[in-house]
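Chain and residue survey
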Amino acid sequence: MEFLEGAAVALGGPRGFEVTRTLPSRQRRMVGAWCFLDAYGPHSLGVTPGMRVGPHPHTGLQTVTWLVAGEVLHRDSLGNVQEIRPGQLNLMTAGQGISHAEATPERHSDVIHGVQLWVALPHADRDMPPAFAHHADLPVFSDGGLDATVLMGELAGLTSPAACHTPLVGAEIRLGADAAATVPVRPDFEYAVLALDGAPVIEDAALKPGPLLYVGSGRSSLRLSTASPARLLLLGGEPFEERLVMWWNFVGRSHDEIVQMRLDWESQTPRFGEVRGYDGPRMPAPPMPLTRLVSRGRVR
Ligand code: MN
């Protein structure tokens, strides 16, 4: 097991919305096909501004939005306008290209707390047409002091209705006070756990909000315990063996592909469509780096 400490990142500049990014990390870029993890909050919206992420493009991935508290309003270039609340999943499949904006809605709670994840699409599906789905009814597994909502993939025999393109799992696990429970996992998957709330213990590792605990593979169960109520995010999947080029909001396979994606966004070709109804400018792509981007594997 190893702790991936992550980095503080301000979305939208130094006065923006602060997140802790634990994937990709210095040591590991992925857990299964999960290739990006930003956790934020709990932020009081009386103190920090709400989320305001203007229209921006994606390719080759799925975005997974999950909230512990608060609301986020999603708008995309397919015309979807969807508010999301805790316990619900917003899943956007970028495929060949999509754009979206995410913002705290005008009417909102005082606190926002959640995670933004990306799942890399495998070669066979990465150029698929874009899609968006909102799932308000997800399976919940309960076992002695533990409740687990399966966001993506399968856990303990329960399968999320969300569309997955590689074998993986994403689940929110809630533990009551003094809970001790065992979750069945697959030896062929690698896993990682993030504490969203509280101070859970994973096997013998004490976790707190912030770092991502990489658990690795080869286990058939995972022991969880806690003294006070805790909430955690379990991520897992079959190790993703394709090499990727991740740059800005794009997942590709080569430097030249990324150059084309960037150009398509900057020159407003139909590839990424248009987000309507967002009150603010579209996000410009940063300049390409001076050196060629190199494809990389899941471990550094
Ligand atoms: Mn996005």
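Look up: the structure comes first, before these words.
For every chain, the first residue of the written sequence is number 1, and numbering continues from 1 onward in sequence order. Owing to the predicted nature of the model, reporting of local features is limited to residues with pLDDT of at least 70; listing and counting of side-chain atom pairs is limited to 80 or more, with chain, interface and lining totals taken over all residues. Each side-chain value is derived from all of the structure's non-hydrogen atoms; neither hydrogens nor water enter the calculation.

Overview of helix α1 (residues 255-266)
A run of H or I in DSSP counts as a helix once it spans at least four residues, and a run of E counts as a strand once it spans at least two, with each numbered from the N terminus. What a helix is expected to span follows from its residue count: subtract one and scale by 1.5 Å. Its 12 residues give α1 an end-to-end C-alpha distance of 17 Å, which sits within 8% of 16 Å, the value for a rise of 1.5 Å per residue. All buried positions along α1 are accounted for by His-255, Ile-258, Met-261, Arg-262, Asp-264 and Trp-265. Any pair of residues with heavy atoms lying within 4.5 Å of one another is described as a contacting pair. As for α1, its buried residues are in contact with β5 (52-58), β10 (98-103), β24 (245-247) and β25 (250-252). Phi turns positive one or two residues past the end of α1, at Gln-268, with a value near 55°. Working definition: with a 1.4 Å probe on protein chains only, accessible area under 20% of the residue-type maximum means buried, over 50% means exposed, and in between means partly exposed.

Concerning the environment of Leu-78
Position of Leu-78 relative to the elements: it lies in the loop between β7 (72-76) and β8 (81-84). Look at Leu-78 and you get partly exposed, because its relative accessible area is 43%. In this structure, the C-alpha to C-alpha distance between Leu-78 and Ser-109, residues 31 residues apart in sequence, is 27 Å.

Brief notes about the sheet that holds β8
Ordered in space as β5-β10-β7-β8, the four strands form an open sheet in which the pairing is antiparallel. Of all strands in the sheet, those bounded by a partner on one side alone are β5 and β8. The sheet shows a mean angle of 20° between the axes of neighbouring strands, taken without regard to direction. Strands pair, by our definition, only if DSSP identifies at least two bridges between them. In terms of strand pairing, β7 meets β10 through four bridges, oriented antiparallel. Within β10, the residue paired with His-74 across the bridge is Glu-102. Every axis corresponds to a line fitted to the C-alpha atoms, with the helix fit spanning only the stretch in contact, and the corresponding angles, defined between N-to-C directions, vary from 0 to 180 degrees.

Here's the deal with the sheet that holds strand β6 (residues 61-69)
To summarise the sheet geometry, strands pair through backbone hydrogen bonds and adopt either a parallel or an antiparallel arrangement. Read across the sheet, seven strands follow the order β2-β3-β4-β11-β6-β9-β12 without closing on themselves; strand pairing throughout is antiparallel. Two strands in the sheet have a free side with no partner beyond their single neighbour: β2 (7-11) and β12 (131-135). Taking the axes of each pair of neighbouring strands and ignoring which way they run, one obtains an average angle of 20° across the sheet. The sheet contact formed by strand β9 (residues 89-93) and β12 spans five bridges and is antiparallel. Note that in β12 the partner of Thr-93 across the bridge is Ala-131.

Topic: the coordination of the manganese ion
On the protein side, the manganese ion has His-56 (NE2), His-58 (NE2) and His-100 (NE2) as donor atoms, found 2.1 to 2.2 Å from it. In this listing, donors mean N, O and S atoms no farther than 2.8 Å from the metal, or 3.2 Å for Na, K and Ca; water is missing from the atoms, so a site can look incomplete. Going along the chain, you hit the donors of the manganese ion in the pattern H-x1-H-x41-H. No difference in accessibility class separates His-56 from His-58, as the two residues are buried.

Re the nonpolar core
Residues belong to one nonpolar core when they are buried, are Ala, Val, Leu, Ile, Met, Phe, Trp, Tyr or Cys, and are joined through side-chain atoms within 4.5 Å. In this structure, Trp-34, Leu-37, Val-64, Leu-89, Val-115, Met-152 and Leu-233 are the most contacted members of the largest nonpolar core, which totals 40 residues. Going through the elements one at a time, β4 (34-44), β6, β9, β11 (111-120), β14 (146-155), β18 (190-197), β21 (212-216) and β23 (230-237) are the ones with two or more residues in this core. Beyond its immediate chain neighbours, meaning those up to four positions away, Leu-233 contacts Leu-37, Val-115, Leu-117, Leu-151, Ala-171, Ala-192, Val-193, Leu-194 and Leu-196. Membership of the second largest hydrophobic core comes to 26 residues, among which are Ala-195, Leu-207, Leu-222 and Leu-234.

Things to note about a positive patch on the surface
On the surface, Arg-26, Arg-243, Arg-296 and Arg-300 cluster together into a patch of positive charge. Within the secondary structure, Arg-243 is located in the loop between β23 and β24. Here, patches come from residues exposed beyond 30% relative accessible area and free of salt bridges, joined within 9 Å for like charges and within 5 Å for nonpolar side chains (Val, Leu, Ile, Met, Phe, Trp, Tyr). Surface accessibility in these figures is a Shrake-Rupley result with a 1.4 Å probe; residues are shielded only by whichever protein chains are displayed. What counts as a salt bridge is simple: a side-chain nitrogen of Lys or Arg found within 4 Å of a carboxyl oxygen of Asp or Glu. Here the positive residues are Lys and Arg and the negative ones are Asp and Glu; neither His nor the chain ends is included. One atom stands in for each charge, and that atom is NZ of Lys, CZ of Arg, CG of Asp or CD of Glu.

Digging into the pairing of strand β16 (residues 168-175)
Burial within β16 is extensive, with seven of its eight residues counted as buried. Direction of pairing for β14 relative to β16: antiparallel, over a ladder of seven bridges. Within β16, the residue paired with Met-152 across the bridge is Gly-170. Relative to β23, β16 runs antiparallel, the two sharing eight bridges. The partner of Glu-172 across the bridge, within β23, is Leu-233.

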